[in-house]
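# A look at the structure
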Amino acid sequence: MRYVLLVSHGEFAPGLQKAIEMLAGSNREDLLAISLKNGMGADEFAVQVKELLSEKIGEDDEIAMFADIVGGSPLTTAANVIAEMGLLGRTVMVGGMNLPLVLSTLLSKDFAEDFGEYVRSQMIPEAASLIQEFKVAEDEESDEI
């Protein structure tokens, strides 16, 4: 199976998981979320990540991990756990997650031949193109009295 793993500071990852479940269906086995909560140390977070991955990830499974901040503690800690578990070769990691990126990846992940390459070459550029200013046209005021 191909899994999408969300990691973040605070409640961002679980909140994003809930939003995605509204759009893509609830109780998805292929969508996992874990967060580094306020006051939690990196060691405790690492234990929780390892428990989650040990429970879910099999020897043929692949992971697309999305994190809130490139180089942030949740990303680096989860990456270290993934490395320790021997999963690096089956994992693509992306910092700067957002709803369109994660949703598109989740819904299209099973159609890609090379999952990691698909995320790198298709999903990241697609998500970047969706970040743009939203403008609402102002009504022109009438000069008539």
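Within every chain, residues take consecutive numbers counted from 1 along the sequence as written. For a predicted model such as this one, the threshold for reporting local features is a pLDDT of at least 70, and the threshold for listing and counting side-chain atom pairs is 80 or more; totals across whole chains, interfaces and linings nevertheless cover every residue. As a rule here, side-chain values come from all non-hydrogen atoms in the structure, and water together with hydrogens is ignored.

### A look at helix α3 (residues 73–84)
We apply this condition: Secondary structure follows DSSP: runs of H or I at least 4 residues long count as helices, runs of E at least 2 residues long count as strands, and numbering of each begins at the N terminus. The span one expects for a helix is its residue count, reduced by one, times 1.5 Å. Each residue gets one of three labels from its accessible area relative to the maximum for its type: buried under 20%, exposed over 50%, partly exposed in between, using a 1.4 Å probe on protein chains only. What makes two residues a contact is simply this: any of their non-hydrogen atoms within 4.5 Å.
With twelve residues, α3 should reach 16 Å at 1.5 Å per residue; the first-to-last C-alpha distance of 16 Å fits that figure. For α3, every residue scored as buried is listed here: Pro 74, Leu 75, Thr 77, Ala 78, Ala 79, Val 81 and Ile 82. For α3, the elements touching its buried residues are β1 (2–9), β2 (31–36), α2 (42–56), β3 (62–67) and β4 (91–95). Backbone geometry just downstream of α3 places Gly 86 in the positive-phi region, at approximately 75°.

### Observations regarding the packing of helix α1 (residues 12–24) against helix α4 (residues 99–108)
Stated precisely, the cut-off is as follows: Axis definition: a line fitted to C-alpha atoms, limited for helices to the stretch in contact. Angles are taken between N-to-C directions and run from 0 to 180 degrees. By definition in this entry, angles of less than 35 degrees are roughly parallel, angles greater than 145 are roughly antiparallel, angles of 65 to 115 are roughly perpendicular, and the rest are oblique. For any helix crossing, the convention is left-handed if the near helix is rotated counterclockwise from the far helix by under a right angle, and right-handed if that rotation is clockwise.
The interhelical angle for the contact between α1 and α4, taken along N-to-C directions, is 50°, at an axis separation of 10 Å. Relative to α4, α1 is oriented oblique. Viewed along their axes, α1 and α4 form a crossing whose handedness is right-handed. Together, Leu 16, Ala 19, Ile 20, Leu 23 and Ala 24 of α1 and Leu 99, Val 102, Leu 103, Leu 106 and Leu 107 of α4 make up the contact between the two elements.

### Re α2
The criterion, for reference: Regarding the arc, it is the one traced by the directions from the helix axis to the C-beta atoms.
Here α2 spans 21 Å end to end across 15 residues, near enough to the 21 Å set by a 1.5 Å rise per residue. Within α2 the residues assigned to the buried category are Phe 45, Ala 46, Val 49, Leu 52 and Leu 53. Considered in projection along α2, the buried side chains sweep an arc of 130° and stay on one side of the axis. Opposite the buried face of α2, by more than 90 degrees, sit the exposed residues Asp 43, Glu 51 and Glu 55. Where α2 is buried, its residues contact β1, β2, β3 and α3.

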